[in-house]
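Spelled out from the first residue to the last, the chains are:
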Amino acid sequence: MDALGLAVIGINLMTWRVAKQLRAVDPGYFKTRDGSLHWWDIGSVNAVIGMLFDRHLPASKHGQDMRWRIIVIRVANALAMSAGMIFLWVTFTRPWLIFGK
């Protein structure tokens with residue numbers, strides 16, 4: 001459980017880093033109030049989550065390196081979501097494996 005939590009935190013930090021790099025490459029991509037990304041701004045959070053599901057990304061104009069980074073964070077987020085679902089499934093169907101007797 002601790003390893004999953006650390007992995008999710010690491011993936012979120014990596015996602016924000018890629019979002020900031022994408023903003024540097026394509027300044028008009030994120031449509032936030034002030035044009036910048038802040039973790040405390042709900043508009044920025046929604047924009048970064050939207051980046052993960054945007055079917056127009058990765059765009060060829062962003063370059064091969066940015067394409068690779070976007071694919072990596074999408075796969076990492078998908079793996080983290082899958083691991084979370086498996087954890088919840090085990091928690092609710094077999095709680096003795098997690099909480100003991």
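Above this note sits the structure.
Residues numbered from 1 in each chain as written. Predicted model: local features only at pLDDT ≥ 70, side-chain atom pairs only at ≥ 80, totals over all residues. Heavy atoms only, no water.

Counting secondary structure elements, the protein contains four helices and zero strands. Seen in sequence order, the protein has helices and strands lined up from the N terminus as α-α-α-α. Relative to the globule expectation of 13 Å for 101 residues, the C-alpha radius of gyration of the protein, 17 Å, shows a markedly less compact shape. Principal-axis analysis of the C-alpha atoms gives the protein an extent of 55 × 30 × 20 Å. Counting the 101 residues in the protein, one finds 30% classified as buried. For the protein, the accessible surface area stands at approximately 7,200 Å², while carbon and sulfur atoms represent 67% of it. Positive and negative charge centroids in the protein, built from 12 and 6 side chains respectively, lie 6 Å apart. (Helix = DSSP H or I, 4+ residues; strand = E, 2+ residues; numbered from the N terminus. Rg over C-alpha atoms; globule rule 2.2 N^0.38 Å. Buried < 20%, exposed > 50% of the residue type's maximum accessible area, 1.4 Å probe, protein only. Areas by Shrake-Rupley, 256 points an atom, 1.4 Å probe, with all protein chains shown as cover. Lys, Arg positive; Asp, Glu negative; His and termini not counted. Charge placed at Lys NZ, Arg CZ, Asp CG, Glu CD.)

Within the largest apolar cluster, 14 residues are counted, with the highest numbers of intra-cluster contacts made by A19, L22, F30, L37, V48 and M51. Residue assignment for this core shows that the elements contributing at least two residues are α1 (2–25), α2 (42–53) and α3 (64–93). Filtering out sequence-adjacent residues up to four positions away, V48 remains in contact with T15, W16, A19, F30 and L37. (Core = buried A, V, L, I, M, F, W, Y, C linked by side-chain atoms within 4.5 Å. Contact = heavy atoms within 4.5 Å.)

Look at α2 against α3: their axes get within 9 Å of each other, and the N-to-C directions meet at 100°. With respect to their mutual orientation, α2 and α3 come out roughly perpendicular. Counting all contacts with α2, which are made through M51, L52 and F53, the residues of α3 involved are I73, R74, N77 and M81. Here the contact of α2 with α3 is composed, by residue class, of five nonpolar, one polar and one charged. (Axes fitted to C-alpha atoms, helices over the stretch in contact; angles between N-to-C directions. Parallel < 35°, antiparallel > 145°, perpendicular 65-115°, else oblique. Nonpolar A, V, L, I, M, F, W, Y, C, P; charged D, E, K, R; others polar.)

Counted according to the given criterion, the structure contains two salt bridges. Here K61 ties to D26 by a salt bridge, and the two come within 3.8 Å at their closest N and O atoms. Note that K61 is positioned in the loop between α2 and α3 and D26 in the loop between α1 and α2, a separation of 35 residues in sequence. By relative accessible area, K61 is classed as exposed at 64%. On the accessibility criterion, D26 (15% relative accessible area) is buried. (Salt bridge = Lys/Arg side-chain N within 4 Å of Asp/Glu carboxyl O.)

Let us now look at the packing of aromatic side chains. What describes a pair of aromatic rings is the distance from one ring centre to the other and the angle between the planes of the rings. Under the defined criterion, the tally for this structure stands at one aromatic pair. Relative to F30, the ring of Y29 lies with its centre 4.9 Å away and its plane at 85°, an arrangement referred to as edge-to-face. For F30, a relative accessible area of 6% translates into the label buried. (Phe/Tyr/Trp six-rings, centres within 6.5 Å; stacked < 30°, edge-to-face > 60°.)

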